[in-house]
Amino acid sequence: MNTIEQRLARLEAIEAIQQLKHQYFSSCDQKQPGNMRACFVDGPCTIDFGRIGSFSNADDLVQVFSQLACNEHIVEMHHAQNPQIEIIDVDHARGTWGLFYYLIDTRNKVITQLGGHYDDEYRRVDGQWKISACRNVVTSTTILDWSESLAKVIFAGRNAPAELDDPSQQAG
């Protein structure tokens, strides 16, 4: 049986990881690349964001994020839900998060709504939890064109074809 101290440390670790993931999403929505970067470990890590790219470190992810998302015409909303966090040991954990993502591209007059999940690994570095691996899996996509007076469904399903959902089209 775990001691009260061990149980409390586990609960504190879970809360710190939840706060970390919420900080990551908030930094994305507020277009704060530096704050987003601070959520990840320094050095090598594994990041797989599907069509957006795969990265071996957080700096490369932040560079692509800055190009694609940090534009006035891109309005984003990330909502995390249903976290399932497993503490492996005092310095390692993993988690799965549901994602509801909504993007309004005011330049191209397109709305994209994604559902999916994140599979993360976390490492405690100097007493702070950081993301050490991250994979995003898209499970549903809806793309709407609102260039006319009524919105028109362009795609609804699991993964839109690349020609309909090309992240590079939203770059500055």
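Everything quoted here is computed from the prediction, not taken from an experiment.

Caption draft 1: Broad picture of the overall build of the protein chain. Tallying secondary structure elements over the protein chain gives three helices and seven strands in all. Counting helices and strands in the order they occur from the N terminus, the protein chain gives α-α-β-β-α-β-β-β-β-β. Its C-alpha atoms give the protein chain principal-axis dimensions of about 60 × 30 × 25 Å. With 172 residues in all, the protein chain has 36% of them scored as buried. Surface accessibility of the protein chain: about 9,700 Å² in total, with carbon and sulfur atoms responsible for 50%. For the protein chain, the separation between the mean place of its 15 positive charges and that of its 23 negative charges on side chains is 2 Å.

Caption draft 2: Local environment of unusual backbone geometry. For Lys 31, which is not glycine, the phi dihedral falls at a positive 55 degrees. Its relative accessible area of 24% is what places Lys 31 among the partly exposed residues. For Asp 126, which is not glycine, the phi torsion reads 50 degrees and is therefore positive. Its location among the elements puts Asp 126 in the loop between strand E5 (110-125) and strand E6 (128-145).

Caption draft 3: How the structure looks around the layout of surface pockets. Quantified by volume, the largest pocket comes out at close to 880 Å³. Lining the largest pocket are 39 residues; nearest its centre among them are Ile 52, Leu 114, Asp 165, Pro 167 and Gln 170. Of all the secondary structure elements, the ones that give two or more residues to the lining of the largest pocket are helix H1 (4-29), helix H3 (58-68), strand E3 (74-89), strand E4 (92-105), E5 and E6. Taken together, the residues of the lining of the largest pocket sort by class into 23 nonpolar, nine polar and seven charged. Counted as a void, the second largest pocket has a volume near 280 Å³. As for the second largest pocket, its lining consists of Asn 2, Gln 6, Ala 9, Arg 10, Glu 12, Ala 13, Ile 87, Ile 88, Asp 89, Val 90, Arg 124 and Trp 129. Only H1 and E3 provide two or more residues apiece to the lining of the second largest pocket. The residue inventory of the lining of the second largest pocket, partitioned by class, reads six nonpolar, two polar and four charged.

Rules used throughout
- Residues numbered from 1 in each chain as written.
- Predicted model: local features only at pLDDT ≥ 70, side-chain atom pairs only at ≥ 80, totals over all residues.
- Heavy atoms only, no water.
- Helix = DSSP H or I, 4+ residues; strand = E, 2+ residues; numbered from the N terminus.
- Buried < 20%, exposed > 50% of the residue type's maximum accessible area, 1.4 Å probe, protein only.
- Areas by Shrake-Rupley, 256 points an atom, 1.4 Å probe, with all protein chains shown as cover.
- Lys, Arg positive; Asp, Glu negative; His and termini not counted.
- Charge placed at Lys NZ, Arg CZ, Asp CG, Glu CD.
- 1 Å grid on protein atoms, 1.4 Å probe; cavity = no way out; pocket = protein on both sides within 12 Å on 5 of 7 lines; lining within 4 Å.
- Points joined across faces, edges and corners; volume = space filled by probe spheres on them.
- Nonpolar A, V, L, I, M, F, W, Y, C, P; charged D, E, K, R; others polar.

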